[in-house]
Amino acid sequence: MTRPFLLSPSLLSSDYGRLAEELAALEAAGLKWVHWDVMDGAFVPNITLGAPIIGALRGRTRLFFDVHLMVEEPARYVADFARAGADLICVHAEATRHLERTCAAVAELGKQVGVALNPATPVDAVRYLLPQLDLVLIMSVNPGFGGQSFIPFSLDKIRELAALRDRLNPRCLIQVDGGCTPENTAALVAAGADCLVSGSAFFKFPPYKERHEAFLRAAGAL
Ligand code: DX5
Ligand code: ZN
């Protein structure tokens, strides 16, 4: 099964005062996905943005909206994010009391379903859900801030998840978020990652087309 390599730039490191222009620039640079970091000030220390902002920008771009909910009990909000135009909704295993029910609710809303795992959460947390997931997100930093360093043991987790994924649901994507750069991309892809999120290592290095190509080249996709 071939899964194309994807880069999902995290708007957390973009210019929030110019989100519509940033989205247009990403699309013009050839990106297909964009990563929205939703933080609630409870599951993680920061507060970022919510469904109204995402909804206001939905009509501005055809980019795939990859929505990462760093929110306590996200079941309360998945319908709002679906209505706002999320294409994929990713909830944290640690923040969701009834994870199977919440994932089923996202699928029922017609959206792709993702589960994110914090660095200390074992891969086994998604073992039984894998057949019904579109994506598993391995957090390679503790969520809450951009610009942190990649936690090296994440590579072992990606390998472990890739083996499980290949056996149970080969179409499920493995996404990695936190400290991803063109320098560690080859190792991440070799371990089994399909989709990398990049905030600071992407937005701080314009032009976006060249930076995207640097990740693609490192992934062997260009
Ligand atoms: C962290 C967020 C990430 C973050 C990544 O809590 O989930 O998406 O923006 O930023 P970098 O790429 O700078 O580590
Ligand atoms: Zn994220």
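Up top you'll find the structure we're talking about.
This one's a predicted model, so the numbers in the text were calculated from it and none came from an experiment.

Student: Go over the overall build of the protein chain, please, and point to the residues and values.
Tutor: Each helix and strand counted, the protein chain has eight helices and eight strands in total. The C-alpha atoms of the protein chain give 16 Å as radius of gyration, which agrees with the globular expectation for 222 residues (17 Å, within 12%). Buried residues in the protein chain amount to 55% of all 222 residues. Sequence separation of at least 24 residues holds for 64% of the intrachain contacts in the protein chain that already meet a minimum separation of 6. Of the accessible surface of the protein chain, which amounts to about 9600 Å², a share of 54% is contributed by carbon and sulfur atoms.

Student: Explain empty space enclosed by the protein residue by residue, including any values.
Tutor: If you walk through the whole model with that rule in mind, you get one cavity of 30 Å³ or more. Computed from the structure, the largest cavity encloses a volume of approximately 220 Å³. What lines the largest cavity is a set of 25 residues, among which Phe-145, Gly-146, Gly-147, Asp-177 and Gly-178 lie closest to the centre. Residue assignment for the lining of the largest cavity shows that the elements contributing at least two residues are strand 2 (33-39), strand 3 (64-70), strand 8 (195-198) and helix 7 (200-203). Among the residues forming the lining of the largest cavity, the class breakdown is 10 nonpolar, 13 polar and two charged.

Student: Give me the pairing of strand 5 (residues 112-117): which residues, what numbers.
Tutor: Burial of strand 5 is extensive: five of the six residues sit out of reach of the surface. Note that strand 4 (residues 88-92) and strand 5 share five bridges and pair parallel. Across the sheet, residue His-92 finds its bridge partner in strand 5, namely Ala-116. Viewed along the sheet, the connection from strand 4 through helix 4 (residues 99-108) into strand 5 turns out right-handed. As defined by bridge partners, strand 5 adjoins strand 6 (residues 135-139) across four bridges and the pair is classed as parallel. Looking at the pairing, Val-115 lines up with Val-136 of strand 6.

Student: Residue-level account of unusual backbone geometry, with values.
Tutor: Cis peptide bonds are those with omega within 30 degrees of zero, and the linkage from Pro-206 to Pro-207 qualifies with 0 degrees. Here Pro-207 is to be found in the loop between helix 7 and helix 8 (208-218). Look at Glu-73: it is not a glycine, yet its phi comes out positive at around 45 degrees. The topology assignment puts Glu-73 in the loop between strand 3 and helix 3 (78-84).

Student: Account for the side chain of Thr-102, with residues named and values stated.
Tutor: On the secondary structure map, Thr-102 appears in helix 4. With residues near it in sequence (within four places) discarded, Thr-102 still touches Ala-75, Val-78, Val-91 and Thr-96.

Student: A description of the sheet that holds strand 1 (residues 6-9) should follow, citing residues and the corresponding values.
Tutor: Taken in spatial order, the eight strands make up an open sheet running 1-8-7-6-5-4-3-2, and their pairing is parallel. Unpaired on one side and paired on the other, strand 1 and strand 2 mark the two borders of the sheet. Averaged over all neighbouring strand pairs, the angle between strand axes comes to 25 degrees, with direction disregarded. Sitting on the sheet, helix 4 is in contact with strand 4 and strand 5, with an inclination near 145 degrees to strand 5.

Student: Describe helix 1 (residues 19-28), and please don't skip the residues or the numbers.
Tutor: Count 3.6 residues to each turn of an α-helix, and residues three or four apart come out pointing the same way. Within helix 1, burial applies to Leu-19, Ala-20, Glu-22, Leu-23 and Leu-26. Along the long axis of helix 1, the arc covered by the buried residues comes to 160 degrees, so they all point the same way. Against the buried residues of helix 1 lie strand 1, strand 2, helix 2 (51-58), strand 3, helix 7 and helix 8. Following helix 1 by one or two positions, Gly-30 has its phi on the positive side, about 95 degrees.

Procedures and definitions
Residues numbered from 1 in each chain as written. Chains lettered and ligands numbered in written order. Predicted model: local features only at pLDDT ≥ 70, side-chain atom pairs only at ≥ 80, totals over all residues. Heavy atoms only, no water. Helix = DSSP H or I, 4+ residues; strand = E, 2+ residues; numbered from the N terminus. Rg over C-alpha atoms; globule rule 2.2 N^0.38 Å. Buried < 20%, exposed > 50% of the residue type's maximum accessible area, 1.4 Å probe, protein only. Contact = heavy atoms within 4.5 Å. Areas by Shrake-Rupley, 256 points an atom, 1.4 Å probe, with all protein chains shown as cover. 1 Å grid on protein atoms, 1.4 Å probe; cavity = no way out; pocket = protein on both sides within 12 Å on 5 of 7 lines; lining within 4 Å. Points joined across faces, edges and corners; volume = space filled by probe spheres on them. Nonpolar A, V, L, I, M, F, W, Y, C, P; charged D, E, K, R; others polar. Pairing = 2+ DSSP bridges. Right-handed = clockwise from strand over helix to strand, strands pointing away. Axes fitted to C-alpha atoms, helices over the stretch in contact; angles between N-to-C directions. Arc of directions from axis to C-beta.

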